[in-house]
Amino acid sequence: YKVTGVQTCALPIWVGSLNGGIHYFDKRLNSFIELEEKVEGDVRSFYIDSQNNLWIGSNVGTLYVYNIDKNEFRNIPIKDDLDIHKIWQVVESPGKKVFVATDNGLFEFRNNGLNYLSINEKFPGRIIRSLFIDKTKNMWIGTNEGLVQVIENKDRKSTRLNSSHLVISYAVFCLKKK
């Protein structure tokens with residue numbers, strides 16, 4: 001298998017491969033187990049939320065949720081008019097909101113679907129490759145044209161980093177806590 005995504009925050013380790021394969025490391029058996037379910041396309045992202053759901057994004061714009069405790073796998077339908085072709089990353093905020101980074105902006109998962117956020121219009125670039133929510137609840141967003149910080153407040157305003165911050169005006173592919 002060619003590996004296309006890995007989730008390593010805790011055991012088990014989840015591994016995504018080309019052609020939609022999903023594997024996890026079973027410590028008792030000391031080996032990788034492949035799930036019967038497959039995703040459309042190649043796995044590009046994993047995220048485990050507070051409800052022990054594994055969110056799975058692909059390179060063809062499909063999004064899936066696998067409930068680890070219940071062994072339930074479901075496809076999240078994405079409307080054609082959203083024009084999403086890649087799911088780059090999924091994160092959950094401290095307020096239990098799920099955000100999805102795509103090749104056509106930032107979306108929030110609500111009411112069993114993806115909802116476009118108007119804040120996208122303020123971002124430098126439409127392709128959102130990476131998301132990180134820090135301990136002060138600020139969201140850091142890596143786009144194809146730079147880094148944006150969304151400050152958590154009542155209005156949830158967006159600010160582009162300026163000279164008082166580390167200036168990054170080129171594509172940001174990965175954001176992780178140190």
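Description of the structure in this document. Since this is a predicted model, take the numbers as computed values, not measurements.

One recurring pattern in soluble globular proteins: nonpolar side chains tend to sit buried together. Ranked by internal contacts, the top residues of the largest apolar core, which has 14 residues, are L106, F123, L131, M139 and I141. Counting only elements with at least two residues in this core, the list comes to β10 (98-102), β13 (128-133), β14 (139-143) and β15 (146-150). Examining the composition of this core, we find that three residues originate from one element, β13, more than from any other. Membership of the second largest hydrophobic core comes to 13 residues, among which are L63, L82, I84 and L114.

Next up on the list: the pairing of strand β5 (residues 43-48). Inspection of the sheet shows β5 paired to strand β6 (residues 53-58) by five bridges, in the antiparallel sense. Paired with F46 across the two strands is I56, which belongs to β6. Connecting the antiparallel pair β5 and β6 is a turn made up of four residues, with N52 showing a positive phi of about 65°.

This paragraph deals with the pattern of salt bridges. Scanning the entire structure with this criterion turns up four salt bridges. Among the ionic pairs, D26 bridges to R28, the shortest N-O distance being 3.3 Å. Relative accessible area serves as the criterion here: at 8%, D26 is assigned to the buried category. Residue class for R28 comes out exposed when judged on its relative accessible area of 74%.

Analysis parameters
- The residue numbering used here restarts from 1 in each chain and proceeds along that chain's sequence as written.
- Reporting in this predicted model follows two pLDDT cut-offs: at least 70 for local features of residues, and 80 or more for side-chain atom pairs to be given and counted; totals over whole chains, interfaces and linings ignore these cut-offs and use all residues.
- Note that the side-chain values use all heavy atoms of the structure and ignore hydrogens as well as water.
- In this text, buried Ala, Val, Leu, Ile, Met, Phe, Trp, Tyr and Cys residues form a nonpolar core when linked through side-chain atoms within 4.5 Å.
- Relative accessibility under 20% of the residue-type maximum defines a buried residue, over 50% an exposed one, and the middle range a partly exposed one, all with a 1.4 Å probe and only protein chains included.
- Secondary structure counts use DSSP, requiring at least four H or I residues in a row for a helix and at least two E residues in a row for a strand, with both numbered from the N terminus.
- Here, a strand pair is defined by DSSP locating no fewer than two bridges between the strands.
- What counts as a salt bridge is simple: a side-chain nitrogen of Lys or Arg found within 4 Å of a carboxyl oxygen of Asp or Glu.

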